[in-house]
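Inside the fold
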Amino acid sequence: CTPTVRLEAPREPITINLNVKIDQEVRVKLDKEVEDLISSNPDLF
Amino acid sequence: LDTLDGTANVSTPPLVFQPGGFQPTALSERVRGFLSNAQGELSAHADFTIDGGKPSGTGWVSVSNFGFDTLRLGAVRGVNGRIEFDNVLKLSSPPGQEVRIGQINPGIPLENGLIAFQLISATEAILERAQWPFAGGHLVAGRSDWTIAGTRDVIRISAEALSLTSLVDVFNLPDLKAEGTVSGTFPVEIAGPNAYIRDAVLTADDQGGTIAYTGKAAESASKADSRAELAFNALRDFRFSVLEIRADGNLSGDMLITMKLAGYSPAVLQGAPFVFNIGVDSKLMQLIRSGQRATGTDWLYDVVAESVAARNQTTPENTE
Amino acid sequence: GDPQIEAAKDQGVVGERIDGYLGIVDGSADASLMRLVQDINNKRRAAYDKLAEQTGTTTEQVARVTGEKLISQAARGEYVMDESGTWTKK
C-alpha cells in the first residue's frame, strides 16, 4: 500500500527570494545644477 | 658666541576661523590642504629649547567647536579637545590623545564621536579607538594605522547592539517596523573620496525579534506569485529567529544590502517556517536624505519575488 | 580657475579626473602644488556633498557629473583621467 502522508505545517521552510530596488521617483537631472556649481565657484573649478 | 642656547615660548591668542574669512593658511602656507574651510576656535602654545645649537620643542593645540572639510571623510564639525605634542618640530604626540567630534559624515551621519589617537608625524597617526553612539548601540573603530594626507586606509568597525527600530529610522525605511538588535564587525576601506563597506555582516542576537512590513511592495509582488502573496502576509507580523544583514558598497554611492530572514508568522499556515532572501539595491545616502527633505518621496518599487520550490516540499494544498 | 592650477594644467602636471577631483598627473609635483590640489579637492567634496543634499542625490553622482563636464571643457593638450584610471592627453 502506498504510504499516506499526513501533513502538518511543512517543516521544510517556504523560501522566498525578494529583490527590491529602492530608487527615487524623481530622477533629478543634475546637469543644470552642476553647471551652476562650476560657474559659481571659479576658485575650485 | 659659538651657539645660541636658550629657550623661547610662543603662544597664540584664541584664533577664530571662518570659511571665506580668516584661515590657518594666513598663518602658514604649510597647512594648506590640511584644514580646508576651517571654522571655530583654535589656540596653540609651544616651548622651544635650543641646546648645543639643536632646537627641540613641546607644545599643545586646543580647539573648541572647530570644524573643517576633508576629501576623504567629508565635513568634520564640532571638534573639541586638546592635543599635546612631545615634539613640535616633528608634530608627534604621546599616545592617548583624545578629541570629541560633534559630526562627521563619510556617508552615514555620525555624531558625538570620541577619538583616541597618537600622532607619529605630520603625515602618520595611529587611531587607537574611535566610538560613536549609533542607532541605539555603538560603532567602534579598533586600533589601526592612519595616513593623514593618504589616499587609502582600512579601519575595522564593530557595530554593537544596533537596534532595528533605530536603523529603520536612520534609513527612513518606509512602511516597516522592526524590533531586535544586530551586531557585527567589518572592514571599511577609505579610498580617495569613497568609504567602501566590504561585505559587512550584522547578525541578530539570539533573542531574535519581529518585523512588520505593510508597504505597497506587497501588491506588486503578490501578483507575480501566490506564494509570494503568502510570504508578504507572513511579513505583516513576522517573528524571526535568524536575521543576517549583509552590506557591501560605497557609503556615499551605491550599496547592496542582502538580508536572510528566517522565522514564522502566527497568522499564516499555523506558523509555518519561512525563509526570505531579500536583496535591496539602493543608494543609502538617498534613503537617509529622503527623511530630511520637505517633499515626500514617492519610492519607486521594483520588486521581484519568486518562491523557491524546495525539492521534496509538499505544499499544503496537495497531499499524497 | 585658480591661476597656479591653470598653469600646472598647461604644463601637464595636474589634470581633471572623471571622479570629479584634481589629480597629479605623473605623481611628482612640488609640495606646495600638492597641498593646493589637496585643498581644492577638500573644498570640491564639500561642494558636492552640499549639492547632493539639496538634490537628494549622492555625492558620488554629483562628483561624477561634474568630472564629466570638466573633462569635456578641458583644453586640448591637457591631461584627463578616464574610468580606467589612466591619464590621457586631450
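In short, a report on the structure. (Residues numbered from 1 in each chain as written. Chains lettered and ligands numbered in written order. Predicted model: local features only at pLDDT ≥ 70, side-chain atom pairs only at ≥ 80, totals over all residues. Heavy atoms only, no water.)

**Overview of the overall build of chain C**
Test applied: Segments assigned H or I by DSSP are reported as helices when at least four residues long, segments assigned E as strands when at least two residues long, and all are numbered from the N terminus. Radius of gyration: over C-alpha atoms. The globule rule applied is 2.2 Å multiplied by the number of residues raised to the 0.38 power. Working definition: with a 1.4 Å probe on protein chains only, accessible area under 20% of the residue-type maximum means buried, over 50% means exposed, and in between means partly exposed.
When helices and strands are counted, chain C shows three helices and four strands. Here chain C has a C-alpha radius of gyration of 13 Å; the compact-globule value for 90 residues is 12 Å, and the two agree. Along the longest, intermediate and shortest principal axes, the C-alpha atoms of chain C span 40 × 25 × 20 Å. Counting only residues that meet the buried cut, chain C has 56% of its 90 residues in that class.

**Some words on the pattern of salt bridges**
Convention followed: The working definition used for a salt bridge is a side-chain nitrogen of Lys or Arg within 4 Å of a carboxyl oxygen of Asp or Glu.
Counted by the stated rule, this structure contains 20 salt bridges over all chains. Between Lys32(A) and Asp36(A) there is a salt bridge, and its shortest N-O distance comes to 2.6 Å. Taken as a pair, Lys32(A) and Asp36(A) lie in helix α1 (residues 31–40) at a separation of four residues, close to a single helical turn. Accessibility expressed as a relative area gives 54% for Lys32(A), which makes it exposed. With a relative accessible area of 38%, Asp36(A) lands in the partly exposed category. Where salt bridges share partners, they join Glu29(B), Arg32(B), Asp39(C) and Lys43(C) into one cluster.

**Digging into the interface of chain C and chain A**
To keep it simple, the criterion reads: The contact criterion used throughout is that any non-hydrogen atoms of two residues lie within 4.5 Å. Once two parts are put together, the accessible area they lose, assessed with a 1.4 Å probe and summed over both, is termed the buried area. Only Asp, Glu, Lys and Arg are considered charged, only Ala, Val, Leu, Ile, Met, Phe, Trp, Tyr, Cys and Pro nonpolar, and every remaining residue, Gly among them, polar.
The partner chain A presents 14 residues to the 18 residues of chain C that form the contact. Roughly 1,400 Å² is buried in total at the junction of chain C and chain A, and carbon and sulfur atoms are behind 73% of that figure. Salt-bridge contacts for Lys69(C) lead to Asp31(A); the nearest nitrogen and oxygen are separated by 3.6 Å. At the level of elements, α2 (31–55) and α3 (59–73) of chain C are the ones that each hand at least two residues to the side of chain C that touches chain A. Tallied by class, the residues present in the side of chain C that touches chain A amount to seven nonpolar, seven polar and four charged.

**Some details on the packing of helix α1 (residues 3–10) of chain C against α2(C)**
Residues and elements named next belong to chain C. Test applied: For helices, the fitted axis covers only the stretch in contact; all axes are lines through C-alpha atoms, and the angles between them, taken along N-to-C directions, range from 0 to 180 degrees. With respect to orientation, any angle under 35 degrees is reported as roughly parallel, any angle over 145 as roughly antiparallel, any angle of 65 to 115 as roughly perpendicular, and every other angle as oblique. Left-handed describes a crossing whose near helix is turned anticlockwise from the far helix by less than a right angle; the clockwise case is right-handed.
One way to put it is that α1 packs onto α2 with a least axis distance of 11 Å and a crossing angle of 115°. By the angle class used here, α1 and α2 are roughly perpendicular. Note that α1 runs across α2; the crossing there is left-handed. Contacts between α1 and α2 pair Gln4, Ile5 and Ala8 from the former with Leu33, Leu36, Val37 and Ile40 from the latter. Here the contact of α1 with α2 is composed, by residue class, of six nonpolar, one polar and no charged.

**Focus on the nonpolar core**
As a reminder, the rule being used: The set of buried Ala, Val, Leu, Ile, Met, Phe, Trp, Tyr and Cys residues whose side-chain atoms join them within 4.5 Å is what this entry labels a nonpolar core.
Judged by nonpolar contacts, the single largest core of 77 residues is most densely connected at Phe66(B), Leu162(B), Val182(B), Leu261(B) and Phe276(B). Leave out the neighbours within four places in its chain, and Leu261(B) touches Ile211(B), Leu235(B), Phe238(B), Phe240(B), Val242(B), Leu243(B), Phe274(B), Val275(B), Phe276(B) and Ile278(B). Leu30(A), Leu44(A), Ile24(C) and Val65(C) belong to the second largest nonpolar core, which has 27 residues in total.

**Thoughts on empty space enclosed by the protein**
Applied cut-off: Definitions used for this entry: grid spacing 1 Å over protein atoms alone; cavity, a set of points where a 1.4 Å probe fits but cannot get out; pocket, an open set with protein on both sides within 12 Å along at least 5 of 7 lines; lining residue, one with an atom within 4 Å of a point. Grid points are joined across faces, edges and corners, and a volume is the space filled by probe spheres set on the points.
In total, this model carries one cavity of 30 Å³ or more according to the counting rule given. Its volume calculated, the largest cavity comes out at about 40 Å³. What lines the largest cavity is simply Asp43(A), Leu44(A), Phe45(A), Gly1(C), Asp2(C), Ile5(C), Glu6(C), Lys9(C), Glu16(C), Leu22(C), Ile40(C) and Arg44(C). Listed by contribution, the elements that provide at least two residues to the lining of the largest cavity are α1 and α2 of chain C. A per-element tally of the lining of the largest cavity places α1(C) first, with three residues.

**Some words on helix α3 (residues 226–235) of chain B**
What counts, and what does not: The reported arc concerns the directions from the helix axis to the C-beta atoms and nothing else.
Considered for burial, the residues of α3(B) that qualify are Arg227(B), Ala228(B), Ala231(B), Phe232(B), Ala234(B) and Leu235(B). All buried residues of α3(B) lie within an arc of 155° about the axis, which places them on one face of the element.

**A look at the packing of aromatic side chains**
All names here are of chain B. Note the following rule: Each Phe, Tyr or Trp ring (for Trp, its six-membered ring) is paired with any other whose centre lies within 6.5 Å, and the angle between the two planes then decides the class: stacked below 30 degrees, edge-to-face above 60, tilted in between. Put simply, a charge is over a ring when the Lys NZ or the Arg CZ is close to the ring centre, within 6 Å, and near the line of the ring normal, within 35 degrees.
Counted according to the given criterion, the structure contains eight aromatic pairs over all chains. Their ring planes at 75° and their centres at 6.2 Å tell us that Phe17 and Phe66 sit as a pair that is edge-to-face. Here the residue Phe17 occupies a position in strand β2 (residues 15–17), and Phe66 occupies one in strand β4 (residues 54–70), the gap between them amounting to 49 residues. Summarising the burial analysis for this pair, Phe17 and Phe66 share the class buried. Here the aromatic residues Phe17, Phe22, Phe66 and Phe68 are joined through ring pairs into a cluster of three or more. For Arg72, the ring lying beneath its charged end belongs to Trp146, and the centroid distance is 4.4 Å.

**A look at the environment of Trp146(B)**
Residues and elements named next belong to chain B. With respect to the helices and strands, Trp146 occurs in strand β10 (residues 144–147). Residues Trp146 and Thr58 lie 88 residues apart in sequence; the distance between their C-alpha atoms is 23 Å. Leave out the neighbours within four places in its chain, and Trp146 touches Arg72, Leu73, Thr123, Glu124, Ala125, Asp153, Ile155 and Ile190.

**Points about the pairing of strand β1 (residues 6–11) of chain B**
All names here are of chain B. Condition: Paired strands, in this sense, are two strands between which DSSP finds at least two bridges.
In terms of burial, β1 is largely open, as just zero of its six residues are buried. Bridge count between β1 and strand β3 (residues 36–51): six bridges; the pairing is antiparallel. Counted as the bridge partner of Val10 is Ala46 from β3.

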